[in-house]
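A closer look at the structure
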Amino acid sequence: MVHVGAEKTLTTQLMFDEALNAEVLATEPYAQRTGRDTFNDGDSSYRPSMLLKVTRARDGYVGCIVLNADPDHDGT
């Protein structure tokens, strides 16, 4: 969520490719948890445009995305 002043101007989600999800969830500490119940194709919010592109960096990943919040709610 993005707030401008006391007003919420943007609520969104970011998604990761399922191959990356599987790779990360197979490592600790995530591997200790079982029973994942939501996958991209079963998430009603999922849109391909929500996929965050990442690259490997050392022992993790780096991603970048620009989100646009309209504080005036006028679409400009």
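Treat the numbers as computed from the prediction; the structure is a model and nothing was measured.

1. Quick look at the confidence of the model for the protein chain
In the predicted model, the protein chain carries a mean pLDDT of 84, and 93% of its residues have values of at least 70. Per-element confidence in the protein chain is highest for strand 3 (residues 54-57), whose mean pLDDT is 92, and lowest for strand 2 (residues 7-10), whose mean pLDDT is 76.

2. Thoughts on the pattern of salt bridges
All chains considered together, the criterion is met by 2 salt bridges. A salt bridge links Arg36 to Glu18, with the shortest nitrogen-to-oxygen separation between them at 3.0 Å. One end of the pair, Arg36, is in the loop between helix 1 (18-25) and strand 3; the other, Glu18, is in helix 1, with 18 residues separating them in the sequence. A relative accessible area of 25% places Glu18 in the partly exposed class. A salt bridge links Glu23 to Arg56, with the nearest nitrogen and oxygen atoms 2.6 Å apart. Pair noted here: Glu23 is in helix 1 and Arg56 is in strand 3, with a separation of 33 residues, a long-range link.

3. Focus on the environment of Asp72
Following the sequence through the fold, Asp72 ends up in the segment after strand 4 (60-63). With a relative accessible area of 60%, Asp72 lands in the exposed category. Distance from Asp72 to Thr9, taken between C-alpha atoms, is 8.3 Å for residues 63 residues apart in sequence.

Criteria and thresholds
- Residues numbered from 1 in each chain as written.
- Predicted model: local features only at pLDDT ≥ 70, side-chain atom pairs only at ≥ 80, totals over all residues.
- Heavy atoms only, no water.
- pLDDT = per-residue confidence, 0-100.
- Helix = DSSP H or I, 4+ residues; strand = E, 2+ residues; numbered from the N terminus.
- Salt bridge = Lys/Arg side-chain N within 4 Å of Asp/Glu carboxyl O.
- Buried < 20%, exposed > 50% of the residue type's maximum accessible area, 1.4 Å probe, protein only.

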